[in-house]
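# Tertiary structure, described
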Amino acid sequence: MKRNFWGSFRNEDWMATIMGLLLVVAVITVPGWIPAFPKTLSTAGSWLSVAGMFLIAALFSALGIKLMGDRLRGFIPSFAAIFVLSALCQYVSMLPSIKTAGLESVFFSVILGLLIRNTVGLPKWLSPAVRSEYYIKIGLILLGTSVLFGEILKAGALGMLQAVVVVFTVWYFTFWLARKLKLDSEMGIMLASAVSICGVSAAIATCGAIKGDSKKLSFVVSIVLVVAIPMMYLMPLLAKWMGLTPEVAGAWLGGTIDTTGAVVAAGKFLGETAEMYSVIIKSSQNVLLGIAAFAISIYWSLRGTNRTERPTAKVIWDRFPKFVVGFVIASLVFSFCMPLQEAKALGGLAKGLREVMFSLAFVCIGLETDFRFIFKKENKSNIATFFVAQGFNIVVTLVMAYLLFGLWAG
């Protein structure tokens, strides 16, 4: 009985949730042991912080792997190599010229992983620690520490209204378009979530909810990241050309650009007010991530491809991505169980750990992604769906941003 009970937890989803929550507990209880994420790598102290980050990330990642019943002998050297690659990408992103251009470490992490995979291939010894979903699920739980409900609702009730309307409208349109273009349901749902909610995080949460194909997820993540880069530069220019107010422009950027880092960078181009509004809107969409994953897990149980599986409460729970529970718990604790200033300070430490886990994840996504798969002829409809849906998203979000932050709030 005990073995069966424990066996239900020995999977990646549960272990990522448990490790993520343990990291949150560590941030709260022993913050002095958590190194701050370095803003530069030019001093000995900054490299000590990186070493501390490595030890914490390696310890918790390896613990989860061990509890899943996998061997650590091949995992440890593989993890160390991937961490070094991710640290290299972090270093490149900190170079003054790169920071001025607004390119974040995520971009370089994916590019480096893609370069290795599509030139020399994925070495066998490196494969044990190539677990992108595992790392990013832990990172998403840590993301919950920065989603403070009270602050978002106080500063952005209109932002939440925009997020709800846009997410629902764009999600439904994208899924409808995917069916019209005869995409399979898995790809359609992942694309719909990525375009409408919050890009990579939403795609991964959706893939977990429907137990989707990791190759399809890699495709969605890759196209989201590739498109986010030009959008980060072009949309602020369009906002200036159209004469949008900083409030409207920020709300537009936050609702359409699909990675949080790119949203912040784009907002900076238009000033502090636009940056603040862009972050509020993106945070509002992040709040909807857990709700969306729950709704999708129920929908997939009722309408998914496995029609022989009855949508009982157990089936719905089995399909539900457990890391969303961790995300919500972290958010609730930091929102309602501690003073705001303390929550922000501890959230800053958690953010450093989150950046490490995300960087590891994106290196792995690159290592898992074969360009021959992305540019296959059969992906033509997938690419077309993404671009049409993203265009629809840009127009709908602009209309909502203008109505709420231009006419109503103005």
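Right above here is the structure, for reference.
Residues numbered from 1 in each chain as written. Predicted model: local features only at pLDDT ≥ 70, side-chain atom pairs only at ≥ 80, totals over all residues. Heavy atoms only, no water.

Scanning the protein chain from terminus to terminus reveals 19 helices and 0 strands. Burial statistics for the protein chain: of 410 residues in total, 55% are counted as buried. Long-range pairs, those at least 24 residues apart, make up 79% of the contacts in the protein chain with a sequence separation of at least 6. (Helix = DSSP H or I, 4+ residues; strand = E, 2+ residues; numbered from the N terminus. Buried < 20%, exposed > 50% of the residue type's maximum accessible area, 1.4 Å probe, protein only. Contact = heavy atoms within 4.5 Å.)

One finds Ile82, Tyr134, Tyr135, Val220 and Phe362 to be the most contacted residues of the largest nonpolar core, which totals 122 residues. For this core, the element with the most residues is helix H17 (residues 340–368), which contributes 15 residues. Residues in contact with Val220, not counting those within four places in the same chain, are Met187, Met190, Leu191, Ala194 and Ala203. Ranked by size, the runner-up nonpolar core spans 8 residues in total, among them Phe175, Ile210, Ile296 and Trp300. (Core = buried A, V, L, I, M, F, W, Y, C linked by side-chain atoms within 4.5 Å.)

Helix H11 (residues 214–242) packs onto helix H10 (residues 200–210) with a crossing angle of 170 degrees between their chain directions and a minimal axis gap of 9 Å. The angle between H10 and H11 falls in the class roughly antiparallel. Mapping the contact onto sequence places Val200, Ala203, Ile204 and Cys207 in H10 and Leu217, Val220, Val221, Val224 and Leu225 in H11. (Axes fitted to C-alpha atoms, helices over the stretch in contact; angles between N-to-C directions. Parallel < 35°, antiparallel > 145°, perpendicular 65-115°, else oblique.)

This part covers the environment of Arg10. Positionally, Arg10 belongs in the loop between helix H1 (2–7) and helix H2 (12–29). Judged by relative accessible area, which is 38%, Arg10 ranks as partly exposed. A sequence separation of 57 residues divides Arg10 from Leu67, and the C-alpha atoms of the two residues are 6.6 Å apart. Leave out the neighbours within four places in its chain, and Arg10 touches Met15, Leu67, Met68 and Gly69.

It is worth spelling out the side chain of Ser46 at this point. Note on placement: Ser46 falls in helix H3 (residues 44–67). When near neighbours in sequence (up to four residues on either side) are disregarded, Ser46 contacts Pro38, Thr40 and Leu41.

Taken as a whole, this structure holds 2 cavities of 30 Å³ or more when the rule is applied. In this model, the largest cavity occupies a volume close to 120 Å³. Lining the largest cavity, in full, are Phe37, Pro38, Leu41, Val50, Met53, Phe83, Ser86, Ala87, Gln90, Met94, Val356 and Ser359. Of all elements in the fold, only H3, helix H4 (75–93) and H17 reach the threshold of two or more residues within the lining of the largest cavity. Top element by residues in the lining of the largest cavity is H4. It accounts for 4 residues. Grouping the constituent residues of the lining of the largest cavity by class yields 9 nonpolar, 3 polar and no charged. (1 Å grid on protein atoms, 1.4 Å probe; cavity = no way out; pocket = protein on both sides within 12 Å on 5 of 7 lines; lining within 4 Å. Points joined across faces, edges and corners; volume = space filled by probe spheres on them. Nonpolar A, V, L, I, M, F, W, Y, C, P; charged D, E, K, R; others polar.)

Our next topic: the layout of surface pockets. Approximately 440 Å³ is the volume attributed to the second largest pocket. If you trace the second largest pocket, you find 17 residues lining it, with Phe168, Trp171, Tyr172, Ala295 and Ile296 closest to the centre. Of all the elements in the fold, those that place two or more residues in the lining of the second largest pocket are helix H8 (149–180), helix H9 (185–198) and helix H14 (272–303). No other element matches the 8 residues that H8 contributes to the lining of the second largest pocket. Counted by class, the lining of the second largest pocket contains 15 nonpolar, no polar and 2 charged residues.

What follows deals with the pattern of salt bridges. Inspection of every chain in the model, using the stated rule, returns 5 salt bridges. A salt bridge links Glu12 to Lys137, with the nearest nitrogen and oxygen atoms 3.7 Å apart. Here Glu12 is found in helix H2, whereas its partner Lys137 is found in helix H7 (residues 132–143), with 125 residues between them in sequence. With relative accessibility at 5%, the residue Lys137 sits in the buried group. With a closest N to O distance of 2.9 Å, Arg131 and Asp70 form a salt bridge. Within this pair, whereas Arg131 is found in the loop between helix H6 (105–117) and H7, its partner Asp70 is found in the loop between H3 and H4, the two being separated by 61 residues in sequence. (Salt bridge = Lys/Arg side-chain N within 4 Å of Asp/Glu carboxyl O.)

Now for a nonpolar patch on the surface. Nonpolar side chains collect at one region of the surface, where Val395, Val399, Tyr402, Leu403 and Leu407 lie side by side and expose about 470 Å² of accessible area between them. With respect to the secondary-structure elements, Val399 resides in helix H19 (residues 380–408). (Patch = residues over 30% accessible without salt bridge, like charges linked within 9 Å, V, L, I, M, F, W, Y side chains within 5 Å. Areas by Shrake-Rupley, 256 points an atom, 1.4 Å probe, with all protein chains shown as cover.)

Right, let's talk about H3 for a bit. In this model H3 runs 35 Å from its N-terminal to its C-terminal C-alpha over 24 residues, within 8% of the 34 Å that 1.5 Å per residue would give. At the C-terminal side of H3, Gly69 shows a positive phi close to 95 degrees. (Expected span 1.5 Å × (residues − 1).)

It is at 8 Å that the axes of H7 and H17 come closest, and there the two elements cross at 155 degrees. On the basis of the axis angle, H7 is roughly antiparallel to H17. Judged by the twist between their axes, the crossing of H7 over H17 is left-handed. In this structure, H7 uses Ser132, Tyr135, Ile136, Ile138, Gly139, Leu140, Leu142 and Leu143 to contact H17, whose residues at the interface are Ala350, Leu353, Arg354, Met357, Phe358, Leu360, Ala361, Phe362, Cys364, Ile365 and Glu368. Per-class residue counts for the contact of H7 with H17 are 15 nonpolar, 2 polar and 2 charged. (Left-handed = near helix turned anticlockwise from the far one by under 90°.)

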